[in-house]
Amino acid sequence: MSAQFEQSKSLLTMEDYLLAEQDAEIKHEYIDGELFAMAGASDNHNKISTNLLFVLMTYIRANQLPCFAYINDMKVKITHRKAFYPDVMVVCQKDNENAYYKTQPVLIIEVLSKSTRQRDKMLKRLSYQNIPTLEEYVLIEQDFCEIEVFRRKEGWQSSFYYQGENITFDSIGLTVAVADVYYQVNNEDMQQFLANPHVKIEQEI
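Residues numbered from 1 in each chain as written. Predicted model: local features only at pLDDT ≥ 70, side-chain atom pairs only at ≥ 80, totals over all residues. Heavy atoms only, no water.

Enquirer: Would you explain the nonpolar core in this entry?
Expert: Generally speaking, soluble globular proteins have nonpolar side chains that are buried together. Residues Val90, Ile140, Ile147, Phe169, Ile172 and Tyr182 are the most contacted members of the largest nonpolar core, which totals 31 residues. When contributions to this core are tallied by element, the ones reaching two or more residues are helix H2 (43-62), strand E7 (88-91), strand E9 (105-111), strand E10 (136-140), strand E11 (146-151), strand E13 (166-169), strand E14 (174-177) and helix H4 (178-181). Sort the elements by how many residues they give to this core and H2 lands first, with six residues. Apart from the residues within four sequence positions on either side, isoleucine 147 is in contact with Val138, Leu139, Ile140, Ser159, Phe160, Tyr161, Ile167, Val178, Val181 and Tyr182. Counting 17 residues, the second-largest nonpolar core is a separate cluster that includes Ile131, Leu134, Tyr137 and Trp156. (Core = buried A, V, L, I, M, F, W, Y, C linked by side-chain atoms within 4.5 Å. Buried < 20%, exposed > 50% of the residue type's maximum accessible area, 1.4 Å probe, protein only. Helix = DSSP H or I, 4+ residues; strand = E, 2+ residues; numbered from the N terminus. Contact = heavy atoms within 4.5 Å.)

Listed below in structure tokens is the structure:
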């Protein structure tokens with residue numbers, strides 16, 4: 001999530017939070033009774049999220065899957081203690097009837113930024129992994145081309161994907177080129193890839 005967070009001093013129940021958030025002008029995430037206001041996202045962040053939404057929904061519709069991909073504005077509720085706004089989320093079965101949040105995603109994707117990297121890699125990762133239906137959690141860098149995937153079937157161990165490679169979202173059976181995720185994203189790796197599209201970018205260790 002490429003947003004900055006501003007902690008609220010108010011402590012709310014989950015029920016109060018969900019009700020207040022319906023009419024809030026600024027979105028907030030909820031952690032143990034505390035609210036965190038979310039700021040706007042960068043150009044690269046928006047492009048990555050939009051690219052993913054396009055690829056996911058094109059695949060879902062072409063294969064007539066019982067799934068839907070949500071972007072940015074749909075919350076995921078995790079028990080009664082946490083609720084987040086994933087950058088991209090795929091739900092593949094009938095979820096709760098609430099119009100403002102979901103509870104059973106199979107795939108969650110967050111686009112990293114300097115201000116939220118630690119939260120996404122630690123707090124959110126551990127929280128999301130407690131969702132029984134979740135099969136994959138994906139972290140995408142926006143300043144360079146690197147995608148990290150945590151899969152339940154692999155014991156939540158991470159795998160990395162770079163420019164010139166393909167990545168498979170096993171949760172829905174979709175394989176996509178890393179280059180398509182970063183389409184029109186302006187970072188050094190993409191500039192290098194476009195100049196030499198047949199050369200795999202070697203990541204520094």
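There is more to say after this.
Enquirer: Hey, could you run me through unusual backbone geometry in this one?
Expert: The phi torsion of most residues other than glycine is negative, and most of the peptide bonds are trans. Here asparagine 72, not a glycine, exhibits a phi torsion of approximately 65°, which is positive. Mapped onto the fold, asparagine 72 is located in the loop between strand E4 (68-71) and strand E5 (75-78). A positive phi is found at threonine 79, a non-glycine position, where the angle reads about 50°. Structurally, threonine 79 can be placed in the loop between E5 and strand E6 (82-84).

Enquirer: How do you make sense of the pairing of E14 when you look at a structure like this?
Expert: The side chains of a regular strand alternate, residue by residue, between the two faces of the sheet. Only one face of E14 is covered, namely the face carrying Leu174 and Val176; the face carrying Thr175 and Ala177 is uncovered. In this structure, E13 lies alongside E14, joined through four bridges in antiparallel fashion. Of the residues in E14, the one forming a bridge with phenylalanine 169 is leucine 174. A loop of four residues connects E13 with E14, the two strands running antiparallel in sequence, and glycine 173 in this loop sits at a positive phi of about 75°. (Pairing = 2+ DSSP bridges.)

Enquirer: Any chance you could explain the confidence of the model for the protein here in plain terms?
Expert: For residues with low pLDDT, the predicted coordinates do not support detailed interpretation. Averaged over every residue, the pLDDT of the protein is 88; residues scoring 70 or more account for 89%. In this model, residues 1-8 is a region of pLDDT below 50 whose contacts with residues beyond four sequence positions or in other chains number 46 contacts. (pLDDT = per-residue confidence, 0-100.)

Enquirer: So what exactly am I meant to see when it comes to the pairing of E5 here?
Expert: The pairing of E5 with strand E8 (residues 101-102) spans two bridges and is parallel. Its bridge partner lying in E8, lysine 75 is registered against tyrosine 101. Sheet analysis places E5 next to E6, joined by three bridges and oriented antiparallel. Following the sheet pairing, lysine 77 is matched in E6 by alanine 83. In textbook terms, the turn of a hairpin is the stretch between consecutive antiparallel strands, and for E5 and E6 this stretch comprises three residues, one of which, threonine 79, has a positive phi near 50°.

Enquirer: Explanation requested: the side chain of asparagine 51 in the structure shown.
Expert: Checked against the element boundaries, asparagine 51 lands in helix H2. Classification of asparagine 51 by relative accessible area gives buried; the value is 12%. There is a polar contact of 2.9 Å between the side chain of asparagine 51 and the backbone oxygen of tyrosine 183. Asparagine 51 has contacts with Asp180, Val181, Tyr182, Tyr183 and Val185, leaving out every residue within four places of it along the chain. (Polar contact = N/O pair within 3.5 Å; in protein donor to acceptor, adjacent residues only side chain to side chain.)

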